[in-house]
Amino acid sequence: VQLQASGGGLVQAGESLRLSCAASGNIFSFNAMNWYRQTPGKQRELVAGITRGGSTTYADSVKGRSTISRDAAKNTMYLQMNSLKPEDTGVYYCNVLLFGSGPVKNYWGQGTLVTVSS
């Protein structure tokens, strides 16, 4: 599985961004697709996730301001982030989980940088 993240950039507080994660293959074959954020000195943290069945989860820090979605025709996952805050700054990585008879397979994209200025 190859993942290509894009859509990051420099924005001002209060503005919006939409991140994209283009995947090779049928995204509905994945058990879950997630967005993680990493900032210097901190562990990578889950920002939002969506399961094959469409259940979603969000970090408390982005709940109500962000929406995760996917487009099967484009094999792409999105993260719409609104009312951005400086603390949303970080490198955002897309992630895919595949469950099978063996260990869970975990795939990562290359990351896209989001910088929110105050």
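For the structure, check the block above.
This report concerns the structure included in the present document. In this text, all values refer to a predicted model and were calculated from it rather than measured experimentally.

Following the criterion strictly, the structure yields one aromatic pair and no others. Against the face of Tyr93 rests Arg44, its NZ or CZ located 3.7 Å from the ring centre. If you follow Arg44 out to its NZ or CZ, it ends over the ring of Trp108, 4.6 Å from the centre.

Take the nonpolar core next. Trp35, Met77, Leu79 and Tyr92 are the most contacted members of the largest nonpolar core, which totals 27 residues. Contributions of two or more residues to this core are made by strand S1 (3-6), strand S3 (17-23), strand S4 (32-38), strand S5 (45-51), strand S8 (76-81), strand S9 (90-98) and strand S11 (112-117).

Right, let's get into the sheet that holds S1. One open sheet accounts for four strands, arranged S1-S3-S8-S7; its pairing is antiparallel. Every interior strand has two partners, whereas the edge strands, S1 and strand S7 (66-71), have only one. With direction set aside, neighbouring strand axes in the sheet form an average angle of 15°. In the sheet, S7 pairs with S8 via six bridges, with the strands oriented antiparallel. Within the sheet, the bridge partner assigned to Ser69 lies in S8 and is Tyr78.

Thresholds applied
- Residues numbered from 1 in each chain as written.
- Predicted model: local features only at pLDDT ≥ 70, side-chain atom pairs only at ≥ 80, totals over all residues.
- Heavy atoms only, no water.
- Phe/Tyr/Trp six-rings, centres within 6.5 Å; stacked < 30°, edge-to-face > 60°.
- Lys NZ or Arg CZ within 6 Å of the ring centre and 35° of its normal.
- Core = buried A, V, L, I, M, F, W, Y, C linked by side-chain atoms within 4.5 Å.
- Buried < 20%, exposed > 50% of the residue type's maximum accessible area, 1.4 Å probe, protein only.
- Helix = DSSP H or I, 4+ residues; strand = E, 2+ residues; numbered from the N terminus.
- Pairing = 2+ DSSP bridges.
- Axes fitted to C-alpha atoms, helices over the stretch in contact; angles between N-to-C directions.

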